[in-house]
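# Summary of structural features
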Amino acid sequence: DTTSAHGGKLINLYVEGEALLQEKEKAKSNRSWDLTTCQMFDIELLLNGAFSPLTGYLNQADYQSVVEGMRLADGTLWPMPINLDISQAFADETTIGEEITLRDPEGVVIANLVVTDLWTPDKTLEAEKVFGTTDTAHPGVRRLLNEGNPVYVGGTLTGVTPPLHYDFNQYRNTPAEMRQHFAELGWSNVIAFQTRNPIHKAHVIMMKRLMAKNQANLVIHTAVGRTKPGDIDHFCRVRCYEKVLPHFPAGTAEIRLLPLAMRMGGPREALWHAIIRQNYGFTHFIVGRDHAGPGRNNLGGLFYGATEAQELVSSLQDELNIQILKAPFLRYVEGRGEFCEEHELLSGEAGLYISGAELKDKLCHGEDIPEWFAFPEVIEELNRTLPPRSKQGITLFFTGLSGSGKSTLANGVMVKLRELGGRHVSLLDGDVVRKNLSSELSFSKEHRDLNILRIGYVASEISKNGGIAICAPIAPYATTRRSVRSMIEEVGVFVEIHVATPIEVCEGRDRKGLYAMARAGKIKGFTGIDDPYDVPENPEMRIDTSQYTMTDAVEQVIERLREMKLIA
Ligand code: PPS
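### Quick look at the overall build of the chain
Helix and strand content of the chain: 20 helices and 18 strands. For a compact globule of 568 residues, the expected C-alpha radius of gyration is about 24 Å, and the chain comes in at 26 Å, within 12% of that figure. Counting every atom, the chain has about 25100 Å² of accessible surface; 50% of that belongs to carbon and sulfur. The positive charge centre, built from 60 side chains, and the negative charge centre, built from 74, are 4 Å apart in the chain.

Okay, here's the thing in structure tokens:
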């Protein structure tokens, strides 16, 4: 029975047999759009019906209606805009009614898309309406405003090849398969637990309580698409869930993967999560405190109230075919040796809790994790993936004007780090990179960005493998430096060092005679003269090399790294 799906019918956009051959044939002559890694997540869930009743990307009328009021134009609840964002150049060649072939990053045909709508959305308005803010500290807003393509396509999809996965295939299935699986197990009540974090003792107790109360089985249905920047990767998380499963009574709980690109959209996202789980055939869905929370805003406050998501989704219960369960917030009471809900605390009793961020911090600093909080086998698994800071990969990113002393300082720091030993060190000096990695690039804004992103890419590979990458480009633009930072922070520690030598000093040194040439107009677009340098706002360190001898400056940097517990 698939009528319980959202909209009354479970969608499956894949075709078979003769129809499939026809789609493959058309793909040979269609123009192709190569889906980005992010776009791969949405399309997988569109094609397999997890996004029922959607049969493709939202057309403009549905988009507007979703953005404004969380409903499709026909009134069906749907909180999240799902569109294919394409480049202006590709859009310029696209016509309404045209069929485009969508391919995975390796070129495999995933689906054909008949274009019904093509428009340039007001993304600022979208951010305001969907996320309630335009603050780019919100990861969903940042991605929407800074990372996506400018033009949206709406249209219907026909599926050709399901996106291929190599990892944890035993835990991946379509909504139709999941429904079949529950039927075979005879599970009539099944709770979905959405998570993007490791699971600890309080979570398990909370889930067991809800299982007992609702006479239900449970699936840890973890988001493994894009989650919040800085999250522990899903490989490690799933290994942790495997360690947690034996703590449930045998045969009552399972693990499944959901390739969802989260938007960290709080209440709206919680509603979306519930609808998706309804489509997978779950009967109950747990909405947590601060569900799909985006973290802190630029002023240090929260974007949404802690219970806002629970309230919104519960208020729409009548329109859903899935029972919404509010997760109780459990805290550990030392005197009693047990976990209690807020209302169970006696006056004067304090409950203990360790947040995900605090836990990560403790692991990074090699601190012991209390037994009451976590399963030791989970901690062991986390320690394997999250070594203490003194063993993590690092990128030291020196930025500053030409002649500020970046290269000299970077060289000195490199030598000193090699003397200390422990990690491999690679230097990506501005000039050296320009000769090798970026030899064809100019100093236009576009090319400088490309140059910095290439440096960032190489540095992230080095840091990912536990080494130290030292970069020393000018890197004049704040947005590009921010992109590099987020790239590195996915895999290691990013240390931005602003070499803040005043321009008068740099120009006075003029070791290469470039300032003189720039002043004479012989070089155009020279940083600090007729091209901007955005001063870093919150670098990990700022140093003016004109105030110190180079030996002292190097020592200052090493001292700062010690202070950050990055080196012993
Ligand atoms: S950027 O902006 O980060 O891509 O620049 P970068 O790769 O670090 O290259 C800077 C070096 O190139 C020389 N050079 C210029 N710098 C700035 N602006 C213009 N127009 C320019 N043209 C050439 C200059 O020698 C820089 O080297 P450093 O070591 O910084 O002095």
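### Examining the sheet that holds strand E9 (residues 253–258)
Strand order in the open sheet formed by five strands is E9-E8-E7-E10-E11, and the pairing between neighbours is parallel. At either end of the open sheet lies a strand with only one pairing partner, and these are E9 and strand E11 (323–326). Strand after strand, the sheet turns through a mean of 30 degrees between neighbouring axes, direction not considered. Across six bridges, strand E7 (residues 190–195) lies against strand E8 (residues 217–223) in parallel orientation. Following the sheet pairing, Val190 is matched in E8 by Asn217.

### Let's talk about the pattern of salt bridges
Side chains that differ in charge, positive against negative, can pair when their charged atoms come close. Within the structure shown, the criterion is met by 34 salt bridges. Residues Lys28 and Glu25 are paired through a salt bridge, measuring 3.1 Å at the closest nitrogen-oxygen approach. Pair noted here: Lys28 and Glu25 are both in helix H1 (residues 17–29), with a separation of three residues, about one helical turn. Classification of Lys28 as exposed rests on a relative accessible area of 65%. For Glu25, a relative accessible area of 48% puts it in the partly exposed group. The salt bridge partner of Arg331 is Glu342, with a shortest N-O separation of 2.4 Å. Of this pair, Arg331 sits in strand E12 (residues 330–333) while Glu342 sits in the loop between strand E13 (338–341) and helix H12 (356–364), and the two are eleven residues apart along the sequence. Taken together, the salt bridges that share partners define one network made up of Arg481, Arg485, Glu489, Glu496 and Glu540.

### Here's the deal with the nonpolar core
One broad trend across soluble globular proteins is that nonpolar side chains are buried collectively. Formed by 74 residues in total, the largest nonpolar core has its most connected members in Phe51, Tyr57, Trp78, Leu102 and Leu157. When residues in this core are grouped by element, the largest group, six residues, is from helix H10 (residues 266–279). Residues Ala253, Ile286, Ala327 and Phe375 belong to the second largest nonpolar core, which totals 43 residues.

### A few points about the pairing of E13
When E12 meets E13, the two strands line up antiparallel, connected through four bridges. Along E13, the bridge assignment pairs Leu330 with Glu341. Hairpin connection between E12 and E13: a loop of four residues separates the two successive antiparallel strands, and Gly337 in this loop has a positive phi of roughly 65 degrees.

### A few points about the layout of surface pockets
The method is simple in principle: a probe with the dimensions of a water molecule rolls over the atoms, and the space it marks as empty is what remains. For the second largest pocket, the calculated volume is near 740 Å³. Forming the walls of the second largest pocket are 33 residues, and the residues nearest its centre are Ser402, Lys406, Asp431, Ile474 and Lys512. For the lining of the second largest pocket, the secondary-structure elements that each account for two or more residues are helix H14 (406–420), helix H15 (430–435), helix H16 (445–464) and helix H19 (514–519). When grouped by side-chain class, the residues that make up the lining of the second largest pocket number twelve nonpolar, eleven polar and ten charged.

### Some details on the domain arrangement of the chain
The domain boundaries assigned to the chain delineate domain 1 (17–159), domain 2 (169–331) and domain 3 (389–563). A C-alpha centroid distance of 42 Å is found between domain 2 and domain 3.

### Overview of the packing of H16 against helix H17 (residues 478–489)
Contact pair H16 / H17: the axes reach a minimum separation of 9 Å and the direction vectors enclose 15 degrees. Of the possible angle classes, the one that applies to H16 and H17 is roughly parallel. When the axes of H16 and H17 are compared, the crossing they make is right-handed. Of the residues in H17, those touching H16 at Asp449, Ile452, Leu453, Gly456, Tyr457, Ala459, Ser460 and Ser463 are Thr480, Ser483, Val484, Met487 and Ile488. Of the residues belonging to the contact of H16 with H17, the class tally is seven nonpolar, five polar and one charged.

### Notes on the packing of aromatic side chains
For the structure shown, the criterion picks out 18 aromatic pairs. Relative to Trp187, the ring of Phe182 lies with its centre 6.1 Å away and its plane at 20 degrees, an arrangement referred to as stacked. Among the aromatic residues, ring-to-ring pairing joins Tyr332, Phe339, Trp372 and Phe373 into one connected group. Lying over the aromatic face of Phe90, Arg31 brings its terminal NZ or CZ to 4.3 Å of the ring centre. One Lys or Arg, Arg434, reaches over the ring of Phe443 and ends 3.8 Å from the middle of that ring.

### Some details on the side chain of Arg331
A polar atom in the side chain of Arg331 sits 2.4 Å from the side chain of Glu342. Leave out the neighbours within four places in its chain, and Arg331 touches Glu338, Phe339, Cys340, Glu342, Gly351, Leu352 and Tyr353.

### Comments concerning helix H5 (residues 123–131)
Since there are 3.6 residues in each turn of an α-helix, residues three or four apart along the chain are aligned in direction. Among all positions in H5, only Lys123, Glu126, Ala127, Val130 and Phe131 are buried. With its buried residues spanning 100 degrees around the axis, H5 presents them on a single face. Buried residues belonging to H5 abut helix H3 (60–69), helix H6 (139–147), strand E6 (151–159) and H10. Near the N-terminus of H5, the side chain that reaches the backbone nitrogen of Thr124, with its oxygen 3.2 Å away, is that of Asp122.

What counts as what
- Residues numbered from 1 in each chain as written.
- Predicted model: local features only at pLDDT ≥ 70, side-chain atom pairs only at ≥ 80, totals over all residues.
- Heavy atoms only, no water.
- Helix = DSSP H or I, 4+ residues; strand = E, 2+ residues; numbered from the N terminus.
- Rg over C-alpha atoms; globule rule 2.2 N^0.38 Å.
- Areas by Shrake-Rupley, 256 points an atom, 1.4 Å probe, with all protein chains shown as cover.
- Lys, Arg positive; Asp, Glu negative; His and termini not counted.
- Charge placed at Lys NZ, Arg CZ, Asp CG, Glu CD.
- Pairing = 2+ DSSP bridges.
- Axes fitted to C-alpha atoms, helices over the stretch in contact; angles between N-to-C directions.
- Salt bridge = Lys/Arg side-chain N within 4 Å of Asp/Glu carboxyl O.
- Buried < 20%, exposed > 50% of the residue type's maximum accessible area, 1.4 Å probe, protein only.
- Core = buried A, V, L, I, M, F, W, Y, C linked by side-chain atoms within 4.5 Å.
- 1 Å grid on protein atoms, 1.4 Å probe; cavity = no way out; pocket = protein on both sides within 12 Å on 5 of 7 lines; lining within 4 Å.
- Points joined across faces, edges and corners; volume = space filled by probe spheres on them.
- Nonpolar A, V, L, I, M, F, W, Y, C, P; charged D, E, K, R; others polar.
- Domains from an automatic or database assignment.
- Parallel < 35°, antiparallel > 145°, perpendicular 65-115°, else oblique.
- Left-handed = near helix turned anticlockwise from the far one by under 90°.
- Contact = heavy atoms within 4.5 Å.
- Phe/Tyr/Trp six-rings, centres within 6.5 Å; stacked < 30°, edge-to-face > 60°.
- Lys NZ or Arg CZ within 6 Å of the ring centre and 35° of its normal.
- Polar contact = N/O pair within 3.5 Å; in protein donor to acceptor, adjacent residues only side chain to side chain.
- Arc of directions from axis to C-beta.

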